[in-house]
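Architecture at a glance
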Amino acid sequence: MSRRSSRRQQAVKPAIPPNIERGLASLVDGNEILVASMLSIKTSKKDDDDSDDDDKAAKRSALVTALAECMTMNHLSAEALLSRFFTASVLGAYCITVLGVSGKGNEATLAARIGKKWSRPDFVTTTAGNNTTAEIDKKKETNENAQKTIIGESPIGKRRSPSTDAKIKTAKKRRSNGSA
């Protein structure tokens, strides 16, 4: 009888292209709690506030690895992963704030837009952590405006079209002529 080796094989890191890995890392950055909850990875908010930069980087790396494993286990492309597991509001905000492209569309449209950017071998995020506070504030404001636009509110205010204004004036004239 032969005896099986008692050595266990080490876990092999999923083989995804480095540009897709950079894209996943940029998506995870700022969405750590959302990604951790989707993957059922326990992270406490208290730990995130008190931990140093090395700890945060290690947690982000673990989340990126978990997303990559999810992709390989389920045989998903980056687009399929994004459209299946992320909402349109998250993808839209990511498109606007990180990629600088339109955040309009449904999950599939936004995932295709992101996948197109990530598929380039020279993909590098513009938010590599060296932003000034003014840039961060501007991106937050843009993100908030994007969220409002995505859910149907105008960030500028509610406006009527000229044809609607004309219809309202006509209706007012008819009411004033009819009641006099």
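Everything below is about the structure printed above this text.
In this text, all values refer to a predicted model and were calculated from it rather than measured experimentally.

Below, the discussion takes up a nonpolar patch on the surface. There is a patch of nonpolar side chains on the surface, built from Leu34, Met38 and Phe85 and spanning about 210 Å² of accessible area. Met38 gets classed as partly exposed once you look at its relative accessible area, which sits at 31%.

All right, on to the packing of helix α1 (residues 18-28) against helix α4 (residues 53-73) then. Close contact between α1 and α4 brings their axes to 9 Å; oriented N to C, the two are set at 125°. As the angle between them shows, α1 and α4 are arranged oblique. The chirality of how α1 crosses α4 is right-handed. Residues Ile20, Glu21, Leu24, Ala25 and Val28 of α1 lie in contact with α4, whose contacting residues are Arg60, Leu63, Val64, Leu67, Ala68 and Met71. Looking at the contact of α1 with α4, its residues break down into nine nonpolar, no polar and two charged.

Time to look at α4. Spanning 21 residues, α4 covers 30 Å between terminal C-alpha atoms, matching the ideal 30 Å at 1.5 Å per step. Three or more residues of α4 are buried, namely Leu63, Val64, Ala66, Leu67, Ala68, Cys70 and Met71. For α4, the elements touching its buried residues are α1, α2 (32-38) and α5 (78-85).

As a further point, take the pattern of salt bridges. If the charged atoms of two oppositely charged side chains come close together, the side chains can form a pair. Using the criterion set out here, one finds two salt bridges in the structure. Arg60 serves as the salt-bridge partner of Asp29, at 3.2 Å between the closest nitrogen and oxygen. A residue pair is termed long-range when its members are at least 10 positions apart, and Asp29 in the loop between α1 and α2 and Arg60 in helix α4 qualify at 31 residues. Its relative accessible area of 29% is what places Arg60 among the partly exposed residues. Among the charged side chains, a network of salt bridges with common partners joins Asp29, Glu32 and Arg60.

Rules used throughout
Residues numbered from 1 in each chain as written. Predicted model: local features only at pLDDT ≥ 70, side-chain atom pairs only at ≥ 80, totals over all residues. Heavy atoms only, no water. Patch = residues over 30% accessible without salt bridge, like charges linked within 9 Å, V, L, I, M, F, W, Y side chains within 5 Å. Areas by Shrake-Rupley, 256 points an atom, 1.4 Å probe, with all protein chains shown as cover. Salt bridge = Lys/Arg side-chain N within 4 Å of Asp/Glu carboxyl O. Buried < 20%, exposed > 50% of the residue type's maximum accessible area, 1.4 Å probe, protein only. Axes fitted to C-alpha atoms, helices over the stretch in contact; angles between N-to-C directions. Helix = DSSP H or I, 4+ residues; strand = E, 2+ residues; numbered from the N terminus. Parallel < 35°, antiparallel > 145°, perpendicular 65-115°, else oblique. Left-handed = near helix turned anticlockwise from the far one by under 90°. Contact = heavy atoms within 4.5 Å. Nonpolar A, V, L, I, M, F, W, Y, C, P; charged D, E, K, R; others polar. Expected span 1.5 Å × (residues − 1).

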